[in-house]
Amino acid sequence: MMKYSNNLKLNSHIFLIGFMGAGKSTIATQLKKMLPVDQMEMDETIAREEGMSIPDIFAKHGEAYFRDLETTLLKDLSQCSPMIVSCGGGAVMREENTQIMKQCGRIVLLTATPETVYERVKDNTDRPILNNNMNVDYIRNLMEKRRSRYESVADITVATDGKSAEEICEEILNALNIQ
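Residues numbered from 1 in each chain as written. Predicted model: local features only at pLDDT ≥ 70, side-chain atom pairs only at ≥ 80, totals over all residues. Heavy atoms only, no water.

Looking now at the packing of aromatic side chains. According to the stated counting rule, one finds one aromatic pair in the structure shown. Ring centres 5.1 Å apart and planes at 45° place the aromatic pair Phe58 and Phe66 in the tilted group. Take Phe66: its relative accessible area is 2%, and that puts it in the buried class. (Phe/Tyr/Trp six-rings, centres within 6.5 Å; stacked < 30°, edge-to-face > 60°. Buried < 20%, exposed > 50% of the residue type's maximum accessible area, 1.4 Å probe, protein only.)

Spelled out as structure tokens, the structure:
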């Protein structure tokens, strides 16, 4: 693993986007170990602020309400010091959100095959969009619906299949020219 200096300073946020199970949380945690900056999990922050789980927010208030919470959080983040932000899988589906991200950071798309995603999320019940649809074909179809959007907003794309967290982070830092 390459050694990164604790003197490194991010000039802007790093937003990790991609389908659920692509590795956003894992990579955010690893980047935090390599860079002296804060890390935020958008979904965890929203759940904490709302006092309920993401599935409960969806059930009680609906997806539009949840997406509004994401937008508000991104607006707040745009006023914060640069950090690593692990975004919810659908955060970039709203144009306003991607505009905020582009203004205050770099967007890194993490990808994985539908089979890899299934293996990573199959035992997780906190995925409201996959509940009752936990299978490779459903994941593949949903990934395909989002793929062009993810690709169009990303500054860089990194495949996560078969790579260690360290390898993925080094690829990100090199691509963003953070040394």
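That was the structure; now back to the text.
For the rest of this paragraph, the subject is the nonpolar core. The tendency in soluble globular proteins is for nonpolar side chains to be buried as a group. Grouped together as the largest cluster of nonpolar side chains are 36 residues, with contacts concentrated most on Phe15, Ile17, Phe19, Cys87 and Met101. Of all the secondary-structure elements, those providing two or more residues to this core are β1 (13–17), α2 (42–50), α3 (54–61), α4 (63–77), α5 (95–104), β4 (105–111), α6 (114–121) and α7 (136–153). Apart from residues no more than four positions distant in its own chain, Ile17 is found in contact with Lys24, Cys87, Val92, Met101, Ile107, Val108, Leu109, Leu110, Tyr150 and Val153. Counting residues in each nonpolar core, the second largest holds 22 residues, with Ile14, Leu16, Ile27 and Ile172 among its members. (Core = buried A, V, L, I, M, F, W, Y, C linked by side-chain atoms within 4.5 Å. Helix = DSSP H or I, 4+ residues; strand = E, 2+ residues; numbered from the N terminus. Contact = heavy atoms within 4.5 Å.)

What follows is about the pairing of β4. When you tally the buried positions in β4, you get five out of seven residues, the bulk of the element. Sheet analysis places β1 next to β4, joined by five bridges and oriented parallel. The residue bridging Ile17 from the neighbouring strand is Leu109, located in β4. In this sheet, strand β5 (residues 156–159) lies alongside β4 in parallel orientation, the contact comprising four bridges. Across the sheet, the residue bridging to Val108 is Ile156, located in β5. (Pairing = 2+ DSSP bridges.)

The strand order across the open sheet built from five strands is β2-β3-β1-β4-β5, with neighbouring strands paired in parallel fashion. Because the sheet does not close on itself, it has two edges, and the strands there are β2 (39–41) and β5. Ignoring strand direction, the axes of neighbouring strands in this sheet form an average angle of 20°. Of the strands in this sheet, β2 and β3 (84–86) are in contact with α2, which crosses β2 at around 65°. Of the strands in this sheet, β1, β2 and β3 are in contact with α4, which crosses β1 at around 155°. (Axes fitted to C-alpha atoms, helices over the stretch in contact; angles between N-to-C directions.)

Two numbers describe how α4 lies on α5: the axes approach to 10 Å, and their chain directions differ by 15°. Viewed along their axes, α4 and α5 adopt a mutual orientation that is roughly parallel. Remark: the crossing between α4 and α5 carries left-handed chirality. On α5, the residues touching Arg67, Glu70, Thr71, Leu74 and Lys75 of α4 are Glu96, Asn97, Ile100 and Met101. When its residues are assigned to classes, the contact of α4 with α5 shows three nonpolar, two polar and four charged. (Parallel < 35°, antiparallel > 145°, perpendicular 65-115°, else oblique. Left-handed = near helix turned anticlockwise from the far one by under 90°. Nonpolar A, V, L, I, M, F, W, Y, C, P; charged D, E, K, R; others polar.)

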